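Breakdown of the fold
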Amino acid sequence: MLTTLIFDVDGTLADTERDGHRPSFNAAFHEFKLDWEWDVALYGELLSVTGGKERIRHYVNHYRAHLPVPHDFDNLVVNLHRAKTEHYMALLRRGKIPLLPGVQRLLEESRKAGLTLAIATTTTPENVTSLLESTLGADSPNWFKVIAAGDIVPAKKPAPDIYLWAMQQLGVDAAECLAFEDSENGLRSAVNAGLTTLVTPNDYTRGQNFSGAAALIHSLDDISAPRLEPSSTKPSSQPVTLDYCRQLLAMTLGQP
Ligand code: XBP
Ligand code: MG
């Protein structure tokens, strides 16, 4: 029986990457007087690496390999990422990143029905609370029994660690949970943790390999197949409701 919903954050609760994390990285590079600039296309390539610090290292090692490694690189990565996080949280506080369609409705319906809510994300805990507070209000981080985030686990997505850690903290079995993701890395992480997973792709992840997803849909407001155009409400589209989640889990697990 479904008792728990576990949500990814970036790309799932909100479309944070192109206009949130990406300009925040660039603002940090500028602050540190680095001539690094991640445009929309390059950032899409760099998103194959999860974790902001890991992404910065990947960029230097693979896109600037012909140049000397910056002095005191390990400290620079940590300090750059800390500055980037400050820029990102300031952007969230200005209300620049809204929740994706259907997210608030499903969260509120789930709370009312007494389901357990949790988060499993690669980003930092402070980024999670900043996004929740700026979109759902000051109390909303308390809606989630567990917020599994960032460096709390040794290996980031696609490793299953963050989902396994979240379920261990929750004291639940995968068979009573449904995971919500947006990317192939995230789907791999959830599926490798044994979770039934629903995927809502976005401009950066559309076209990735979502084999193993229990459902691949346009948005939490529209269960029809993912489409290129923005979320136009089609007459045939239905929202993801709790009943839809219960049926998806039961069907996937072969339960009556
Ligand atoms: C997405 C990520 C994160 C963000 C940047 O996380 O891979 O690294 O891109 O955030 P998820 P940080 O989809 O698991 O929510 O710079 O804080 O890592
Ligand atoms: Mg994601």
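Above: the structure in question.
What you see is a predicted model, and the numbers here were worked out from it, not measured in a lab.

**Observations regarding the site of ligand 1**
- Around ligand 1 sit 19 residues in total, of which Glu17, His81, Lys84, Thr121 and Thr123 are the nearest.
- Thr121 places a side-chain nitrogen or oxygen 2.6 Å from an oxygen atom of ligand 1.
- Contacts to ligand 1 include Thr124, whose backbone N or O atom sits 3.4 Å from an oxygen atom.
- In the complex, 96% of the free accessible area of ligand 1, which totals 450 Å², lies under the protein chains.
- When residues in the shell around ligand 1 are grouped by element, the largest group, three residues, is from helix α1 (residues 17-31).
- A class-by-class count of the residues in the shell around ligand 1 yields three nonpolar, ten polar and six charged.

**Focus on the coordination of the magnesium ion (ligand 2)**
- Bound to the magnesium ion (ligand 2) are the protein donor atoms Asp8 (OD), Asp10 (O) and Asp182 (OD), situated 2.1 to 2.3 Å from the metal.
- The sequence pattern formed by the donor residues of the magnesium ion (ligand 2) is D-x1-D-x171-D. Like Asp10, Asp8 is buried.

**Points about the environment of Gly150**
- Its place among the elements puts Gly150 in the loop between β3 (144-149) and α7 (161-170).
- The spacing of Gly150 and Gly52 is 98 residues in sequence and 9.3 Å in space, taken between C-alpha atoms.
- Beyond its immediate chain neighbours, meaning those up to four positions away, Gly150 contacts Thr121, Thr122, Thr123, Lys156 and Ile162.

**Focus on the pairing of strand β1 (residues 4-7)**
- On β1, burial covers both faces: Thr4 and Ile6 on one face and Leu5 and Phe7 on the other are all buried.
- By the bridge criterion, four bridges tie β1 to strand β2 (residues 116-121) in an arrangement that is parallel. Counterpart to Ile6 in the pairing with β2 is Ala118.
- Strand direction decides the pairing type here: β1 and strand β4 (residues 177-181), joined by four bridges, are parallel. In the sheet register, Ile6 faces β4, and the bridge partner there is Ala179.

What counts, and where the lines are drawn
Numbering of residues begins from 1 in every chain and follows the order in which that chain's sequence is written. To label them, take the chains in the order written and letter them from A, then take the ligands in the order written and number them from 1. Only residues with pLDDT of at least 70 get local features here, since the model is predicted, and only at 80 or more are side-chain atom pairs given and counted; chain-wide, interface and lining totals rely on the full set of residues. Neither water nor hydrogens contribute to the side-chain values; these are computed over all heavy atoms in the structure. Nearness here has a simple test: a residue counts as near a molecule or strand if at least one of its heavy atoms is within 4 Å of that partner. Side-chain atoms alone can form a polar contact between residues adjacent in sequence; in general such a contact is a pair of N or O atoms within 3.5 Å, and within protein one must be able to donate a hydrogen while the other accepts it. A 1.4 Å probe and the Shrake-Rupley method give the accessible areas. Residues count as covered only by the protein chains that appear here. Secondary structure follows DSSP: runs of H or I at least 4 residues long count as helices, runs of E at least 2 residues long count as strands, and numbering of each begins at the N terminus. We call Asp, Glu, Lys and Arg charged. Ala, Val, Leu, Ile, Met, Phe, Trp, Tyr, Cys and Pro are nonpolar, and the rest, Gly among them, are polar. A donor here means an N, O or S atom no more than 2.8 Å from the metal, or no more than 3.2 Å when the metal is Na, K or Ca. Since water is not included, a site may seem to lack partners. Burial classes follow relative accessibility: with a 1.4 Å probe on protein chains only, a residue under 20% of its type's maximum area counts as buried, one over 50% as exposed, and anything between as partly exposed. The contact definition used throughout considers only heavy atoms, calling two residues in contact when any of these lie within 4.5 Å. Two strands are counted as paired when DSSP detects at least two bridges linking them.

Take it as geometry only, folks, not as evidence of what the structure does.
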